[in-house]
Every structure is written in C-alpha cells, then in structure tokens.
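So the chains spell out like this:
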Protein chains: 2
Amino acid sequence: MDKNIPYKIYLTEDELPKAWYNVRADMKTKPAPLLNPGTGKPMTLEELSGVFCTELAKQELDNDTAFIPIPDEILDFYKMYRPAPLVRAYFLEKALGTPAKIYYKFEGNNTSGSHKLNSAIAQAYYAKKQGLKGVTTETGAGQWGTALSMACAYFDLDCKVYMVKVSYEQKPFRREVMRTYGANVTPSPSDTTKVGRDILEKFPGTTGSLGCAISEAVEAAVTSEGYRYVLGSVLSQVLLHQSVIGLETMTACDKYGIKPDVIIGCAGGGSNLGGLIAPFIGRKLRGEADYQFIAVEPASCPSLTRGKYAYDFCDTGMVCPLAKMYTLGSGFIPSPNHAGGLRYHGMSSVLSELYDEGLIEARSAEQTSVFEAATQFARIEGTLPAPESSHAIKVAIDEALKCKETGEEKTILFGLTGTGYFDMVAYQKFNDGEMSDYIPTDEELAKSIATLPNI
Amino acid sequence: MDKNIPYKIYLTEDELPKAWYNVRADMKTKPAPLLNPGTGKPMTLEELSGVFCTELAKQELDNDTAFIPIPDEILDFYKMYRPAPLVRAYFLEKALGTPAKIYYKFEGNNTSGSHKLNSAIAQAYYAKKQGLKGVTTETGAGQWGTALSMACAYFDLDCKVYMVKVSYEQKPFRREVMRTYGANVTPSPSDTTKVGRDILEKFPGTTGSLGCAISEAVEAAVTSEGYRYVLGSVLSQVLLHQSVIGLETMTACDKYGIKPDVIIGCAGGGSNLGGLIAPFIGRKLRGEADYQFIAVEPASCPSLTRGKYAYDFCDTGMVCPLAKMYTLGSGFIPSPNHAGGLRYHGMSSVLSELYDEGLIEARSAEQTSVFEAATQFARIEGTLPAPESSHAIKVAIDEALKCKETGEEKTILFGLTGTGYFDMVAYQKFNDGEMSDYIPTDEELAKSIATLPNI
C-alpha cells in the first residue's frame, strides 16, 4: 500500500462542501428547457411551481448560478452519513495485477443504501420550508423511495410512494423499510388515481412501470392540497444536489494529489453520474484539466448508446413536462429478465447535452457480465455492490485490464453508488446460473422511438 | 452541535489499534477454564487444537498476555471497513430533550452488517496460516455466517455454514449473500452429519436450533481432513478479537476528552459487549477510572438476569467442551415469537465472571419496547438498527430520559452493533402491530436449568 494514501479517505467536517455546484453555469450550450406539453413553450416558474416546490422549481430553471449554498439544516443531515469515503481499491488492483490505480467513491453507507439520500433530504427540506404537508413520488427498485422516506421522517413530512407493482411484490423488505420510516406505500398502478384506474382498465393484470408510477405520483400531488411531487433522478435540480458527491471527491483528490485519468459511473436517469462528474466537467469546460468520462448503461436499456436525442414525455401518462434527452421513447420497458434499476427510458438533459457535444462517452454492459464483476468485487473488496453500481465496476475492471496489457499506470475513478442488500433475488438468479441477457433489436427500438412527440 | 466534537469521529489509519487487548490479563479471578466433557478436566492445548486452529486454541487458553499483536494481513483487511465511526447522537439528544450526551460506536458499515467481521477475519486468517482447506460454523440470524463467508472469500478458504433451518427458510437473502461470497450453506438439522440424522429421527419436522447447528458444524470439522470449527461469540478468543471495538472507542474518547459515565451493550453470547467494554473494564480493574456497565438481554432469553452461574454444555449434541457461564440450560430455546438474535442459552465465561463479581450490571428488555426504540432511532438518527443492537438503544434512551428527570449531564455510550436490513420480517410484524412479548415463567426456566450437568 502507498503510505501516503489511506485505504479510505474521509474528509473532515470542515472540508465538506458548503455549496452545491451547478454545472449548467459553465456549459456553453445550456440543456434544452422543459416544455409545457400543452403549449409547446418552455415551462415558466409559475407552471413548474404547481408540480414542484417553488425553491426547487427555481433551481430547475437556474442555468447561471455556479454555486448554490447548501442550507444549514441539510448540512446537518449530511453529517449523519457523509463524508462518503473515497476508497483506494488496493485489493482489486492486486487481484487484477494491473499497474492502474483504482479509486471508488462509496455512497452506500446509509440505510437508503445509495446516493439518493443526497437529493431526497434537499427536496424534503424545501417542501418543509414551504409549509407543505407532504410529498409524493414513485419508486422502482426502491432506493429512491427509501431515501425519501428517511428524509420525510426527519422533517416530519407525509410521504406517499407509488411503487411499481412488480417491485412492491418482489421486494417486500424495501417496502417495509419505507413503512418503518412512516411512508405510505401504494403498489402502482392503483385505483387511487385516475391515470392508475385508466391503465388498469386498459391493461388489466399489468405489473406496472416507472413511467406509470410517475404519472400517478404527479396526479396525487397536483390534486392534493399541500402536496408537491418530487423525483429522484433525471432533473437538473437532482444533479445539482448530487454534485456533493463530485465535490467531496475532488477535494479528496486534490488533498492527496490524485489525478484521475478516467471517471466512470453507471447511468440510468443520470443523477449519480451527473453528480460525480459535475465539478470535473466544470474544470474541463473551463479548460483547467482534462478527463475521460464514461457513462455505463445496461445493454437492455441503452438510452445514450442507442437512443435518439429529442424531446420526449417523461412519463407514461404524459402529464409531465417534455424534456429533451437521449430517449428510447416513453413507452419503452426493459425486457422482463432485466434485474436491476437503470430502467428509465430517458437520460438527464444535462448529461444528454454533454454527451451530444462529445464531452462524455457511453458504453453498455450486459447483465451477466455485470453480476460477474459484482461478485468478483464483493469477494475482493468486501462490499456487496448494487446491481446498478456494478455497471461502473464492470467497466472500471475492463479499463484496468487494458492498462495491464499496455502497461499504462492510469488512475481510474468510479462511483460505487450503493449496496445490493435488497437485490438478493437478482444475485440468487446469478448464483443459480439462471440469469440471462437481452439486447433489444433495432426493430424494437425503432418502434418505441417512433412514439416520440413531433416537436 | 458542539463545535469541538464532530458528529462522527473517524480515527486516522495510524490511530487504529495494532494489538488486541486481552481483558483476562487484568482480571484477578480468571474466567473458569473449559472442561473436557469426558474427563471433567480442563481442556489442554492439544485437545482444543483438534477442534480449533492451534493459534486460536492458544488465544483461548491465554489468561496472561494483555496485548496480542494483530497480524498485518488482518490489519489490512480491517482497513476495508474500519475505523468504525464513534457517533455523537445530537439528533437523538435533541428529540429526547435530555441534558445527557449520547454516543454510539457503529459497527454496521460493512456487508456482514455487524461487528462479527472483526473476529471472522481473524479466525479465517489463522486457519489459512495453518494450511487448512476450510472451516465450518453455524449461524442463526445469519450475521456471523455472512461475516465468515466474507472472510473466507478473502483468504480463499472453503466455508461450510450450518444455518438453523427456520432461518434458512425465512431469511433466503442472508443465505444468498453467503452463497455470493462462495460459502456452502446447509439447513440444520441435516442428514450430512450423524448428530443431525439423530436429531431428525428423534424430532422429525424440527426447524432446528443454534445448539444443534453447533453440534453439526463441530462434527463436520472433526471428521473432515483439513477443517476446523470456528465460532462467532461466547469464546474468550472472540472477545479478544472484538476488543478492537473498545480500543478504537477509547482512543476516540481520549482524543476528544469524552468521559463516558455509562457504557451499554446488547448481550447474546457476549462478543460485542465484551469487545466494547474490554479496555474500559481494564481501566476499572486497574483502578484508573470508573464506569457503569450495562448488559442488555432479551426478556425472552435472560441468561444473565435469570440464569444460573454453572458449568454447562455449549451445544445441544453435547460434543463441545463444558463452559462455566450464566446459563439457562443447553436445551433452552426462546419462545417462537422471539424475533431477533441474542438467543443463545449461555453467556461468555469472561462476562459471566465480571457479572458475578458485580463489575457489570444486566437488564432485560421486552421485544416490542425494543422495536419501538429501534423505529424511533431509525427515524431520528437515520440508521435502521439490527434488532439485537436495539436492545442497547432501548436502555440508552431509558438512561437519557432519567437524566432529563434528574437534570444530570451524564455521558452515555452504547454499541450499535449492526444494521437491520435483513430483519425486515421482524420489522414488518412490528409495523403491522403483530409483535408480541414473552417472558418465560420461573417453572419453565427451572425445568431447563435442571438439565445442567452435575459438575
């Protein structure tokens, strides 16, 4: 081990970020604005404030302020589970026999099991500050719902979670964690909303989808006095809050003279990747440094690598604003054998724009190879990773093995977004040799992309 | 918040303990020796070495060496998940409105979810160093089996786990974590051992017990070439390894001028409590400081508060050495409504002796009150605690509320041994209002205590 660099770097409390970094301020081409699906015009603050808390709507529209101070109440909460350690993967390096140096930023040391808590607590705080009774949201794999439940319990807010029905049934323990934190969890589609009833009538026996749960949560928010809707990824405000990941990472790197050559993150809606790379992208945009950025997505839900950059609906019920993003079409649902999260049809507008400009790269990985990497990582580095995070592990290992061939001593940094403790059904499938891969055909993708609105 | 004391104290790598502390060296009356059940005489090193790794057998018998150096390979592994933070429970203090200062040492930030990994890695290391093929063990709630699987994966050792059948069936996810780390998990009683077959014949349809799984694991070890048996609690060697908890805690306390008045830990076999308090007990024994120590056990399995201090069998099959301990009798099984761990019939000989001398106190808690404390803690401090750990939380809250009444500004320290992510069946029962309490009657306890051997 390098005596100058601890196995795990924990920043001290006074080294923690006091402001979030808004990468949009440094982007020459700003991400395309959200559009009102009725008028086709950019959403105004007033319109957005009907769905989101006003302060969050402001953050969503703010393309100019580079640093937004983190309120003290949120800083206090962050201290419960932050700093997240930046870990030198000495054991993995040794096992691979690579000259590369590997680091990972580990966001799983909290009960929600992932980075999602960074934005959940911010969104709950602004809801409380606005005097709201509660918030509504959707959850698929359950990480976001758990994070939001914890945040709402802390601020004594009501929390209504629409959980994709198939997850509600297959992940009863996730549901119980949310209930333990006082959340009200409803399997979606449900008969508690009009959009839910419509979908149930049209597709009886459906096990739900993320897009459908979003529609229900939005309807529940706009039809209940004192409620707003909150979302755990995709939005620019979420990437803003998640910049705390990248800011901590950059401070730790600078403190110990670590200069990453490659920065890797898994990408579903983009909240983790966007947060991790934000300040590094900032340096690149300002010409202060250069890095290679790699987004890793599932081969079964390849929005960046095979999607189209266009305006699309964010939800199945088409009640949300339109967003310009790399998308597979709002009706796209990954094949049933898809095990982990990262199943959203589109990608954050910020990341989509950066990708379109060639500032970041994207790769896709098939899930059996992802679980192979996950198991290898668990046995060598101790921590059992979330399937989502394991996409980044897979590509980090690939890159480290390339260095072994070429002899390059690259510094590889990746985001370990969370733990897999509630994903053992998927691990069991892998352990039993029953996991399969699926890559959608060009025809399938063309069909779902054909549903994009004509804008 | 007190500006001088961080919310979470992480020691730096060079502040971490380099040697384990053996509290027996400072005890005036040593814990009673293990006895050979055949001869009634103290177990010799040779006899013990047939069951345990030789180096561990030496540690088991060593009542004199105060500090035993931690081998470098174990120190390296410790760096994967240690230091464990010492957390100031600012939010809990505020919610309770107590003048007390509350601290907890959190051991759950690793995939095994508990402190058990501290001893698992030590036992796996000595097995590897001795050139063994593998180890056998039993697991009930699954924390120990998971920890041992992780340790064996790291040292590439075979790992055979006998898992109490009822847990094997009710906790499939625990089982899958162990399998992911490469362990071989067998529901106990099984037909792979003679003692298992005998029990199955005598009690067809039994769902097993910890004492029975121990017997199977010991038989599997002594009848397989190149295997030894390892145990996750009760033994003096385990308390030795767990002293790393107390040593880190003491270093952190000394560094920040924190002087605990009361130190609280849950107690099943005693490994966590014994490890947490070891160096503090040492100071008390040497007359350097005084502390109040409280062991908290379930009212449904009250070995310290209602057991007898006597020699007893450690397992149902009566193949293990006899240990002098506070015990409820080796046939004692907690009532079926008992939800968490802490279900062993006896208590570590070291702790039993300290308790008998009045150096530590003991209290029992009923499980509904324990889950109330657990839920309160989760919502306020973020982390969802293991049911076992929540026994300590319950009494820490009780003590803090007493301070509220009296106005005393006591410093309360407790061990948060782990997380409850694999205990959601129990939380669900509590959330649904279906959890009940059970206190064994005097007659029941008298009956099971009457089975003690006549020594």
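Residues numbered from 1 in each chain as written. Chains lettered and ligands numbered in written order. Predicted model: local features only at pLDDT ≥ 70, side-chain atom pairs only at ≥ 80, totals over all residues. Heavy atoms only, no water.

As for the interface of chain A and chain B
Okay, step 1: Contact residues are listed per partner, giving 43 residues for chain A and 43 residues for chain B.
Okay, step 2: At the boundary of chain A with chain B, total buried surface from both sides reaches about 4,000 Å², with 59% on carbon and sulfur atoms.
Okay, step 3: Linking chain A to chain B there are 2 salt bridges.
Okay, step 4: Across the pair Asp432(A) and Arg179(B) runs a salt bridge, and its minimum N-O distance is 2.8 Å. (Contact = heavy atoms within 4.5 Å. Buried area = accessible area lost by both parts, 1.4 Å probe. Salt bridge = Lys/Arg side-chain N within 4 Å of Asp/Glu carboxyl O.)

Things to note about the side chain of Arg88(B)
All names here are of chain B.
Okay, step 1: Secondary-structure assignment places Arg 88 in strand β4 (residues 86-88).
Okay, step 2: For Arg 88, the side chain forms a polar contact with the side chain of Tyr 103, separated by 3.4 Å.
Okay, step 3: Setting aside anything within four residues of it in sequence, one finds Arg 88 in contact with Asp 2, Ile 5, Pro 6, Tyr 7, Glu 93, Lys 101, Ile 102 and Tyr 103. (Helix = DSSP H or I, 4+ residues; strand = E, 2+ residues; numbered from the N terminus. Polar contact = N/O pair within 3.5 Å; in protein donor to acceptor, adjacent residues only side chain to side chain.)

Focus: the pattern of salt bridges
Okay, step 1: According to the stated counting rule, one finds 40 salt bridges over all chains in the structure shown.
Okay, step 2: The residue Asp423(A) makes a salt bridge to Lys171(A) at a minimum N-O spacing of 2.9 Å. Separated by 252 residues along the polypeptide, Asp423(A) in the loop between β15 (411-416) and α17 (424-431) and Lys171(A) in the loop between α7 (165-170) and α8 (172-180) bring together distant segments of the chain.
Okay, step 3: According to the relative accessible area criterion, Lys171(A) is buried, its value standing at 16%.
Okay, step 4: Among the ionic pairs, Asp290(B) bridges to Lys284(B), the shortest N-O distance being 3.3 Å.
Okay, step 5: For Lys284(B), a relative accessible area of 21% translates into the label partly exposed.
Okay, step 6: A cluster of three or more residues bridged by salt bridges with shared partners is formed by Arg82(A), Lys105(A), Glu107(A) and Glu248(A). (Buried < 20%, exposed > 50% of the residue type's maximum accessible area, 1.4 Å probe, protein only.)

A look at the sheet that holds strand β5 (residues 101-106) of chain A
Sheets are built from strands that pair by backbone hydrogen bonding, the pairs being arranged parallel or antiparallel.
Residue and element names in this part refer to chain A.
Okay, step 1: Taking strand neighbours across the sheet as the criterion, the 7 strands line up as β1-β4-β5-β15-β10-β11-β14 in an open arrangement whose pairing is mixed. Two strands close off the open sheet at either side, each with one partner strand: β1 (8-9) and β14 (361-365).
Okay, step 2: The sheet contact formed by strand β10 (residues 262-266) and β15 spans 3 bridges and is parallel. Pairing of Ile 263 across the sheet is with Leu 413, part of β15.
Okay, step 3: Contacts between helix α12 (residues 271-285) and the sheet are confined to β5, β10, β11 (292-298) and β15, with β10 contributing the most and set at about 155 degrees to the helix.
Okay, step 4: Against the sheet, helix α16 (residues 387-406) touches β5, β10, β11, β14 and β15, its axis set at about 170 degrees to β15. (Pairing = 2+ DSSP bridges. Axes fitted to C-alpha atoms, helices over the stretch in contact; angles between N-to-C directions.)

What to know about the packing of helix α5 (residues 117-129) of chain B against helix α11 (residues 236-256) of chain B
Residue and element names in this part refer to chain B.
Okay, step 1: Running from amino to carboxyl end, α5 crosses α11 at an angle of 125 degrees, the nearest separation of the two axes being 8 Å. Overall, the two elements α5 and α11 adopt an arrangement that is oblique. Where α5 crosses over α11, the two elements pack in a sense that is right-handed. Mapping the contact onto sequence places Asn 118, Ser 119, Ala 122 and Gln 123 in α5 and Gln 237, Val 238, His 241, Gln 242, Val 244 and Ile 245 in α11.
Okay, step 2: Among the residues making up the contact of α5 with α11, the classes are represented as 4 nonpolar, 6 polar and no charged. (Parallel < 35°, antiparallel > 145°, perpendicular 65-115°, else oblique. Left-handed = near helix turned anticlockwise from the far one by under 90°. Nonpolar A, V, L, I, M, F, W, Y, C, P; charged D, E, K, R; others polar.)

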